[in-house]
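For reference, the chains in residue letters:
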Amino acid sequence: DQQVKQNSPSLSVQEGRISILNCDYTNSMFDYFLWYKKYPAEGPTFLISISSIKDKNEDGRFTVFLNKSAKHLSLHIVPSQPGDSAVYFCAARGAGKIIFGKGTRLHILP
Amino acid sequence: NAGVTQTPKFRILKIGQSMTLQCTQDMNHNYMYWYRQDPGMGLKLIYYSVGAGITDKGEVPNGYNVSRSTTEDFPLRLELAAPSQTSVYFCASSYRAGDTQYFGPGTRLTVL
């Protein structure tokens, strides 16, 4: 039973355009959400997070939106750059534990 | 600042062999974790530790053992390697439960 779902295994976006990565969750008790970025042959690195009491958090080119009623969050990257090509994991915190989605591979096209 | 380090980076084992994956963190974090990532899959928690001397099972603990004798180190032991344990293993740490986790570079293990 997947509590955190990333339904798109991969996404291709033109350089300079907006990348939108989506994540759905099932547990309404999750209180904190995170996005991690992973390059090949490296460990995941923290990118941005959002508390369940907010609906938006912005950090430079990265913005995370949270829609609690829909149990949905999204990561927007504007403008997309070649270095953004990576796998992005959505994660959610509940009862002190963090649960990860399967990840979405983002390809930024030249 | 080393963060979380893991050794080895790669290893090939034969079925039935044993090995220990090493993990060390220098951030004085209380919590440490072991995950595995299979191709096309997310991160699955194997074991975690909330401090020296205290460990607990995660989602997929079968076939593994851990110990935590110091704050810094959290080794993962495979006693009888099986092909199903072929995966990439990540160690991570955090200061508190649910805090941002910092990951090591991973160990790619193949069991033949």
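The preceding data block contains the structure.
The structure reproduced in this document is the subject of the present report.

Thresholds, definitions, all that
- Residues numbered from 1 in each chain as written.
- Chains lettered and ligands numbered in written order.
- Predicted model: local features only at pLDDT ≥ 70, side-chain atom pairs only at ≥ 80, totals over all residues.
- Heavy atoms only, no water.
- Disulfide = S-S within 2.5 Å.
- Helix = DSSP H or I, 4+ residues; strand = E, 2+ residues; numbered from the N terminus.
- Buried < 20%, exposed > 50% of the residue type's maximum accessible area, 1.4 Å probe, protein only.
- Phe/Tyr/Trp six-rings, centres within 6.5 Å; stacked < 30°, edge-to-face > 60°.
- Core = buried A, V, L, I, M, F, W, Y, C linked by side-chain atoms within 4.5 Å.
- Contact = heavy atoms within 4.5 Å.
- Buried area = accessible area lost by both parts, 1.4 Å probe.
- Salt bridge = Lys/Arg side-chain N within 4 Å of Asp/Glu carboxyl O.
- Polar contact = N/O pair within 3.5 Å; in protein donor to acceptor, adjacent residues only side chain to side chain.
- Nonpolar A, V, L, I, M, F, W, Y, C, P; charged D, E, K, R; others polar.

1. Focus: the state of the cysteines
Then step 1. Summed over all chains, the structure comprises two disulfides over all chains.
Then step 2. Between the sulfur atoms of A:Cys23 and its disulfide mate A:Cys90 the distance is 2.0 Å. Residues A:Cys23 and A:Cys90 share a disulfide whose torsion about the S-S bond is about -75°; that sign makes it left-handed. Taken together, the residues span a long stretch of sequence, with A:Cys23 in strand S3 (residues 19-25) and A:Cys90 in strand S9 (residues 86-94) at a distance of 67 residues. Each member of the pair, A:Cys23 as well as A:Cys90, carries the same accessibility label: buried.
Then step 3. The disulfide that involves B:Cys23 links it to B:Cys91, with 1.8 Å between the sulfurs. Judged by the sign of its S-S torsion, about -70°, the cystine formed by B:Cys23 and B:Cys91 is left-handed. Taken together, the residues span a long stretch of sequence, with B:Cys23 in strand S3 (residues 19-25) and B:Cys91 in strand S9 (residues 87-94) at a distance of 68 residues. Comparing B:Cys23 with B:Cys91 shows no difference in burial state: the two are buried.

2. Details of unusual backbone geometry
Then step 1. Note that the residue after A:Val78, namely A:Pro79, is joined by a cis bond; omega there is -15°.
Then step 2. Position of A:Pro79 relative to the elements: it lies in the loop between strand S8 (72-77) and S9.
Then step 3. Each neighbour pair has its own omega, and for B:Thr7 with B:Pro8 the value is -5°, a cis peptide bond.
Then step 4. Examined against the element boundaries, B:Pro8 turns out to sit in the loop between strand S1 (4-7) and strand S2 (10-13).
Then step 5. Unusually for a residue other than glycine, A:Lys71 sits at a positive phi of about 50°.
Then step 6. Position of A:Lys71 among the secondary structure elements: in the loop between strand S7 (62-67) and S8.
Then step 7. Positive phi outside glycine occurs at B:Asn28, with the angle close to 60°.

3. Quick word on the packing of aromatic side chains
For any pair of aromatic rings, the description consists of the separation of the ring centres together with the inter-plane angle of the planes.
Then step 1. One pass over the full model with this rule turns up 13 aromatic pairs over all chains.
Then step 2. When the centroid spacing of 6.5 Å and the interplanar angle of 80° are considered together, the rings of B:Phe90 and B:Phe103 count as edge-to-face. Of this pair, B:Phe90 sits in strand S9 while B:Phe103 sits in strand S10 (residues 102-103), and the two are 13 residues apart along the sequence.
Then step 3. By way of ring pairs, the aromatic residues A:Tyr36, A:Phe46, A:Phe100, B:Tyr31, B:Tyr33, B:Tyr35, B:Phe90 and B:Phe103 are connected into one cluster.

4. Focus: the nonpolar core
Then step 1. Core analysis: the largest hydrophobic core is formed by 23 residues, its most contacted members being A:Phe33, A:Trp35, A:Leu73, A:Leu75 and A:Tyr88.
Then step 2. Within the residue set of this core, elements represented by two or more residues are S3, strand S4 (32-38), strand S5 (45-51), S7, S8, S9 and strand S11 (104-109) of chain A.
Then step 3. Looking at which element gives the most residues to this core, the answer is S9(A), with four residues.
Then step 4. Leaving out residues up to four positions away in the same chain, A:Leu73 has contacts with A:Leu21, A:Asn22, A:Cys23, A:Tyr25, A:Phe33, A:Trp35, A:Val64, A:Phe65, A:Leu66 and A:Cys90.
Then step 5. Counting 19 residues, the second largest nonpolar core, distinct from the first, contains B:Val4, B:Cys23, B:Met32 and B:Val66.

5. A short note on the interface of chain A and chain B
Then step 1. Taken together, the contact between chain A and chain B spans 16 residues of the former and 16 residues of the latter.
Then step 2. Summing both sides of the interface, chain A and chain B together bury roughly 1,300 Å²; the carbon and sulfur share of this comes to 61%.
Then step 3. Considering only the side of chain A, the residues that lose the most area to chain B are A:Pro44, A:Phe100 and A:Lys102, jointly responsible for 34% of the buried surface there.
Then step 4. Counting across the chain A and chain B interface gives zero salt bridges.
Then step 5. Where chain A packs against chain B, one counts one residue pair in polar contact (both at pLDDT 80 or more).
Then step 6. Secondary structure elements with two or more residues in the side of chain A that touches chain B: S4, S9 and strand S10 (97-100) of chain A.
Then step 7. In terms of residue class, the side of chain A that touches chain B is built from eight nonpolar, three polar and five charged.

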